[in-house]
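# Fold and contact review
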Amino acid sequence: MAGVLVYVESDGERVAPISFELLAAARELAQSLGGDVEALVAAADTGPLVGELGAADTILEVTSPALAGYLPEAQQLVLVEAIRARKPAVVLVGYTSAGLDLAAGAATATGLPVVAYCTGLRAEGSDVVADSQLYGGKLVATTTTSTPAVFSVVAGSFAEANGHAGGRGERIVTAPPAGLAQLRSRVLGTTGAGGGAVDITKAERVVSVGRGIGGADNIELAEELATAMGAELGASRPVVDSGWLPKERQVGKSGMTVKPKLYLAVGISGAPEHLEGMHDAGLVIAINTDGDAPIFKVADYGTTCDLFDLLPAITALLKPAG
Amino acid sequence: MPEVEPERVHEDQRLVFEGMDISGGWNRMFEQRVIWQHDISALDRVTGIPGAESLGYCYQCGKCTPACPVDHVGDYSPRKVFRRTQVGADLLTSPDLWLCTTCGNCLRVCPKEVNMLQIMPAVRERAVAAGQVPAELQKAFENTFQYGNPMGEPARKRADWVAEAGAPVTILSRGPRPVDVLFFVECYWSYHPRGRDAARAFARTMATLGIDWGILGAEEKCSCDSQRAAGERGLFEMVAEQNIATLGRYQFQRLVTPDPHAYNSFRNEYPRLGGAYDVSHYTQFLAPLMAQLPWQRELPYRVTFHDPCYLGRHNGEYDAPREMIRQIPGLEFVEMFRCKENGYCCGGGGGGMWLDSFTGQHTQQRLSERRVREAVETGAEMLVVCCPYEVSRFEDAVKSTGNQGKLLVRDIIELVDEALH
Amino acid sequence: MHIAVILKQVPDLVEEVEVDSQGTDIDRDSVKWKLNEFDDHALEQAVLLKESSGAEVTAVALAADGVDQLLYAAVARGVDRAIRVTTASARTDAPAAAAALAGVLADMGVDLVLTGVQAVDDLHGQLAPILATRLGWPHVSVVSRVSLEGTEAEVTQEYSGGRMATLEVDLPAVLGVQAAPRPPRYVPISRLRQVMASAELGSAAAAAAAPALGSTVTRLAAPPQGQGAQMLEGRPEAVAEQIVALLRERGLVEA
Ligand SMILES: Cc1cc2nc3c(=O)[nH]c(=O)nc-3n(C[C@H](O)[C@H](O)[C@H](O)COP(=O)(O)OP(=O)(O)OC[C@H]3O[C@@H](n4cnc5c(N)ncnc54)[C@H](O)[C@@H]3O)c2cc1C
Ligand code: SF4
Ligand code: SF4
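Residues numbered from 1 in each chain as written. Chains lettered and ligands numbered in written order. Predicted model: local features only at pLDDT ≥ 70, side-chain atom pairs only at ≥ 80, totals over all residues. Heavy atoms only, no water.

## Considering the overall build of chain C
We count it as follows: A run of H or I in DSSP counts as a helix once it spans at least four residues, and a run of E counts as a strand once it spans at least two, with each numbered from the N terminus. A 1.4 Å probe rolled over the protein chains alone gives each residue an accessible area, and that area as a share of the maximum for its type sets the label: buried under 20%, exposed over 50%, partly exposed in between. Throughout, a residue-residue contact means that at least one pair of heavy atoms, one from each residue, lies within 4.5 Å. The accessible surface values rely on the Shrake-Rupley method and a 1.4 Å probe; as for residues, cover is taken only from the protein chains in view. Positive charges come from Lys and Arg alone, negative charges from Asp and Glu alone, with His and the N- and C-terminal ends not counted. Positions of charges follow a simple convention, taking NZ of Lys, CZ of Arg, CG of Asp or CD of Glu.
When helices and strands are counted, chain C shows 6 helices and 13 strands. Out of the 255 residues belonging to chain C, those deemed buried represent 54%. Taking the intrachain contacts of chain C between residues at least 6 apart in sequence as the baseline, contacts between residues at least 24 apart amount to 71%. Looking at chain C as shown, the accessible area adds up to about 10,600 Å², and 47% of this sits on carbon and sulfur atoms. For chain C, the distance from the average position of its 20 positive side-chain charges to the average position of its 34 negative side-chain charges is 2 Å.

## Some remarks on the site of ligand 1
Our working rule: Here a residue counts as near a molecule or strand whenever at least one of its heavy atoms sits within 4 Å of it. Pairs of N or O atoms within 3.5 Å make up the polar contacts considered here, provided that, within protein, one atom can donate a hydrogen while the other can accept it, and that residues adjacent in sequence are counted only when both atoms are side-chain atoms.
As a matter of local geometry, ligand 1 sits amid 29 residues, with Ser236(A), Ser269(A), Asn288(A), Asp396(B) and Lys399(B) nearest to it. Those chains with residues close to ligand 1 are chains A and B. Between ligand 1 and the protein, one listed contact pairs an oxygen atom with a backbone N or O atom of Gly255(A) at 3.4 Å. For ligand 1, whose free accessible area comes to 990 Å², the fraction covered by protein is 90%.

## Thoughts on the packing of helix α11 (residues 233–248) of chain B against helix α5 (residues 189–198) of chain C
Convention followed: Interaxial angle, 0 to 180 degrees, is taken between N-to-C directions of lines fitted to C-alpha atoms, where a helix line uses only the stretch in contact. Every angle not falling under 35 degrees, over 145, or within 65 to 115 is termed oblique; those three ranges are roughly parallel, roughly antiparallel and roughly perpendicular. In this classification, the charged set is Asp, Glu, Lys and Arg, the nonpolar set is Ala, Val, Leu, Ile, Met, Phe, Trp, Tyr, Cys and Pro, and all remaining amino acids, among them Gly, are polar.
Interhelical geometry of α11(B) versus α5(C) gives an angle of 70° and a closest axis separation of 6 Å. Comparing the axis directions of α11(B) and α5(C) gives the class roughly perpendicular. For the pair formed by α11(B) and α5(C), the contact residues are Gly234(B), Leu235(B), Glu237(B), Met238(B) and Glu241(B) on the first element and Ile189(C), Ser190(C) and Arg193(C) on the second. In terms of residue class, the contact of α11(B) with α5(C) is built from 3 nonpolar, 2 polar and 3 charged.

## Describing the sheet that holds strand β15 (residues 301–303) of chain A
Rule in force here: Strands were regarded as paired on the criterion that DSSP finds at least two bridges between them.
Ordered by their spatial adjacency, 6 strands build an open sheet running β12(A)-β11(A)-β13(A)-β14(A)-β15(A)-β13(C), and the pairing between neighbours is parallel. In this open sheet, the two strands that pair with only one neighbour each are β12 (232–235) of chain A together with β13 (230–231) of chain C. For β15(A) and β13(C), the ladder comprises 2 bridges, and the chain directions are parallel. In the sheet register, Tyr301(A) faces β13(C), and the bridge partner there is Gln230(C).

## Some details on the interface of chain A and chain B
Rules: Any carboxyl oxygen of Asp or Glu within 4 Å of a side-chain nitrogen of Lys or Arg constitutes a salt bridge here.
The partner chain B presents 16 residues to the 14 residues of chain A that form the contact. Scanning the region where chain A abuts chain B turns up 2 salt bridges. Ionic pairing is found between Arg237(A) and Asp356(B), a salt bridge with its closest N-O pair at 2.5 Å. The set of elements that each furnish at least two residues to the side of chain A that touches chain B consists of α6 (237–241) and α7 (272–275) of chain A. A class-by-class count of the residues in the side of chain A that touches chain B yields 1 nonpolar, 6 polar and 7 charged.

## Thoughts on the packing of aromatic side chains
All names here are of chain B. Rules: Two rings from Phe, Tyr or Trp (for Trp, the six-membered ring) form a pair when their centres are within 6.5 Å of each other. A pair whose planes differ by under 30 degrees is stacked, one over 60 is edge-to-face, and the rest are tilted. We call a charge positioned over a ring when the NZ of a Lys or the CZ of an Arg lies within 6 Å of the ring centre and within 35 degrees of the ring normal.
Counted by the stated rule, this structure contains 16 aromatic pairs over all chains. On the basis of an interplanar angle of 15° and a centroid distance of 4.0 Å, the ring pair of Phe-183 and Phe-202 is categorised as stacked. Highlighted residues: Phe-183 in strand β6 (residues 179–183) and Phe-202 in helix α9 (residues 193–209), separated in sequence by 19 residues. Owing to a relative accessible area of 0%, Phe-202 belongs among the buried residues under this scheme. Taking the ring centre of Tyr-344 as reference, the NZ or CZ of Arg-370 above it sits at 5.5 Å.

## Points about the environment of Thr96(A)
Residues and elements named next belong to chain A. Here Thr-96 is to be found in the loop between β4 (90–94) and α4 (97–110). With 57 residues separating them in the primary sequence, Thr-96 and Val-153 have C-alpha atoms 8.6 Å apart. If near-sequence neighbours (up to four positions away) are discounted, Thr-96 is found in contact with Glu-9 and Ile-18.

## Details of the interface of chain A and chain C
Inclusion rule: Values labelled buried area give the accessible surface lost by two parts on being combined, using a 1.4 Å probe and summing over both.
Contact residues are listed per partner, giving 70 residues for chain A and 78 residues for chain C. Both sides of the chain A and chain C interface together cover about 6,200 Å² of buried area, and 60% of this is carbon and sulfur. Summed over the three residues of chain A that lose the most area to chain C, namely Tyr135(A), Arg184(A) and Tyr301(A), the buried surface amounts to 12% of that side. Inspection of the region where chain A meets chain C yields 5 salt bridges.

## Looking at the confidence of the model for chain C
Which entries qualify depends on this criterion: For every residue, the predictor assigns a confidence score, pLDDT, that lies between 0 and 100.
Scored by pLDDT, chain C comes out at a mean of 92, with 98% of its residues at no less than 70. Our summary of model confidence lists the complex with pTM equal to 0.84 and ipTM equal to 0.90.

## Regarding the nonpolar core
The criterion, for reference: For our purposes a nonpolar core is just a set of buried Ala, Val, Leu, Ile, Met, Phe, Trp, Tyr and Cys residues, chained together by side-chain atoms within 4.5 Å.
In this structure, Trp161(B), Trp213(B), Ile215(B), Tyr282(B), Leu286(B) and Ile412(B) are the most contacted members of the largest nonpolar core, which totals 122 residues. Not counting residues up to four positions away in its chain, the partners in contact with Ile215(B) are Ala159(B), Trp161(B), Val162(B), Val169(B), Thr170(B), Ile171(B), Leu172(B), Ser173(B), Phe183(B) and Val185(B). Counting residues in hydrophobic clusters, the runner-up holds 95 residues, among them Leu102(A), Leu180(A), Ala42(C) and Leu114(C).

## Describing the pattern of salt bridges
Counted under the stated rule, the structure contains 65 salt bridges over all chains. Across the salt bridge formed by Arg186(A) and Glu168(C), the nearest N and O atoms sit 2.6 Å from each other. With one member in each of two chains, Arg186(A) in strand β10 (residues 185–191) and Glu168(C) in strand β9 (residues 164–170) form a pair that bridges those chains. With relative accessibility at 29%, the residue Arg186(A) sits in the partly exposed group.

## Re the domain arrangement of chain A
Put simply, the rule is: The split of the chain into domains comes from an automatic or database domain assignment.
Per the domain assignment, the segments of chain A are domain 1 (2–176) and domain 2 (200–318). Look at where the C-alpha atoms of domain 1 of chain A and domain 2 of chain A centre, and you get two points 36 Å apart.

## Digging into the state of the cysteines
As used in these notes, a disulfide is a covalent bond between sulfur atoms, one from each of two cysteines. All names here are of chain B. The cut-off we apply is this: Disulfides are defined as cysteine sulfur pairs within 2.5 Å.
Under the definition given, this model contains 0 disulfides over all chains. There is no disulfide at Cys-346, and the cysteine sulfur nearest it, in Cys-345, is 5.4 Å away. Take Cys-346: its relative accessible area is 6%, and that puts it in the buried class.

## So, unusual backbone geometry
With an omega of 0°, the peptide bond between Thr147(A) and Pro148(A) qualifies as cis. Tracing the backbone through its elements, the reader meets Pro148(A) in the loop between β7 (139–146) and β8 (149–153). Here the residue pair Leu171(C) and Pro172(C) is connected by a cis peptide bond, since its omega of 0° sits within 30 degrees of zero. Located in the positive-phi region is Tyr117(A), a residue other than glycine, with phi close to 55°.

Below, the structure written as structure tokens:
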């Protein structure tokens, strides 16, 4: 019983960024707890993925046609089998859709404790001390958990950069679990992003523009930034009233209520009617030339730079070079 | 659509009646005209709702149309509502159902006493029961149920404004004692930053006057008058019962509130639920005391005043706020063209406060925007109000009509406070 | 077709959430509770399925102070029955809830269990996968639409970045609902009060004991927090760099 097992997420072609964070966390834990960093990758064809997993000492590959497309039932079977076979001290799963399916499910199937919403992990003797964000981030719970145990880790908690190399990269091909022959669920199809009508209430990042943007022609500036960030455009009411952006993008009392992880308020003063629609946002950054604007009372970070200078500068930094 | 048959004519070739020969054209008679062949079940469905009967009284004189503030910015008046319903439109699913601000101006002029103040809440109640509520309004209802205020602010923060009042304020829930005046702060003065400015100015003025007063603090809940007008009678009754129980635990001589909507419900609705109080609007309470105030300076402003519908038309009080304005030293007062009984509506009543987008989609401009333009036309540099809804509405409208820098919006109590310091 | 929708109350984050004197749990007496917002969506999805397929829906919640109110609200929203489940343990974490509910649900003979995908206090994992694994049923979380075809459910599962998949799951199954296809409907308070005066809540006792957690909370505290915004100074290019660094640090944009 040793080592840290990382459940690797992918779309079948590329490893998801969260998995590199987990590999970085796993390396830190393995240094204290001892044992290897093991990466479990389950797909119809693991070929394109293993090359990206240089941070692992061993790469456990499970391939089967039944693993084409992400199916919670199939992935849980593979993860449970791997935990039983490898007996890791710690299992790390991302707090993503897959993490919501698998972490607690696999822990229950193997009788291990599970700790969710982790933003920090460290070893203490043979225990793991974890910090978890509870109550919408209003409180942090510190737990001590005896190993073996499963942890689901919030994205952005560990440096992805440390999760690309440094392992031995040995490949171990494992037979798929027998249960894959009797699945009770199937993938019918997948759709990519961008389909359907805009729904800013579900966006993880929102770039919201206010009257400070000055006119319809300038919306483009915010649009370019939003594209570079993978964000949706939001707006204060005057922007919608003026017809610079459509109604479904209005944030506030008489518009949408958004809860993104990032809310960038551009040229918005922060009237209470506007704040009503975004007070549950995670990180709030405000750009407003008026240092006394009420938006700065609710923002985490602020700047009084002119938006016309600042937006293009941020966009330029985010655009892939070349 | 109802089937319209061609007019049918009856004409007897030969007819002698009481000795008179009225054959042919002389006895020509027409059958009932087309109007009677319409299916009026849509109207019957509305007038069958208890409270909405009077819609059926309308005889299409059209007096209400120029009186209705919504028709000035859109296409809506009681006459139109009647006519559309009469020819088959379903009021329960029509946008018309949510446009009335229950301002009461139509009732003032209607010869038939078609009473939108009763019709609208009653019909809306049916729509609410059927789950047909505009989303913004639904949010306000849910917030009121969960937090006791339509904004969804924490109940515990209801009295937070007190901290920076610069004058002592007794919070009865923290230390009960008999007071002379129980001040019912209401939601917008409790939570809205501009409302809180007014609440603090009020607290300082009360201290200057040496009045023995207190507030309920976190125990106070929305009076719910506007939720009632917007069709949530059940919510109104539940919260009103809670407020009546809370008020019953404290000793006070009189109830004073800055909110004309709360004033209206305490005066006209709460007694039916067993809560009878000696209630006044804060202007009614303070106007007679103005002479006692130690004025420190003159305020050199040219001001105009907006009558709140629920203080004026609904409860007949036009003088108290004007008396206060008259006594503040230095002010020059001009009336707007539409004032007092014919005052224009800010658009916030009857649930309009929580239907901003909805109303926006069915009118050419907000009522508050039109009112701000009227205020600017008088040449006043300040629009003075005494309803908590209005500061937020008009300040927003000043910006959206491009009148920033030309017109300030102030509650009367803020001017009193300014002249005292 | 019998659907169970599992409801639970969570602290209302609009109000203050305080830590108790031991510093390891919230002060449960001062908390204001409300229905978990994801459970609210699960409830709406269940009622929509009832309306579209004629399924029978039972709302189920662990007994606790205030839970009756929540169950009455579910009846007013359109479920057929509401049941409060009593347990020997005072624990409400997901492993304890799953242990209590698994037996009760199996006895009820339900075909489909819907519950919220997560809750703000799910420190020890989410209910849907734990319950499903205990029952030996398949499960899907982060579901945003459910339809029923015979003995199967067709569901939409959402992933980050707006990607989605359609999955088919044999019943019985457990689904963790992220969002119903439409916002939860409004219940007029008059109807709620009627239901509270007339409806009867059912009850059931859980047989299973709560499992050990293997994990202890040693501290619960608010994260360090500044008042108002920290201002970023400098020329626009320098501020832009600071902002991008912040976003990368927090994994909000790709590095
Ligand atoms: C009943 C009601 C409902 C409402 N509902 C909503 C709602 O749902 N949503 C909503 O947003 N509002 C709503 N409002 C309107 C609200 O009161 C405010 O008027 C509105 O939010 C102001 O929008 P804003 O911040 O874009 O504009 P402003 O308040 O005019 O602020 C513009 C800001 O841009 C800044 N700025 C200007 N130029 C620059 C520059 N070059 N660089 C950086 N900063 C610059 C200025 O300093 C200023 O702070 C509602 C109002 C009412 C009365
Ligand atoms: S009450 Fe006012 S808004 Fe309503 S119909 Fe009458 S005049 Fe128009
Ligand atoms: S004033 Fe009265 S009777 Fe005349 S049209 Fe209007 S509602 Fe009808």
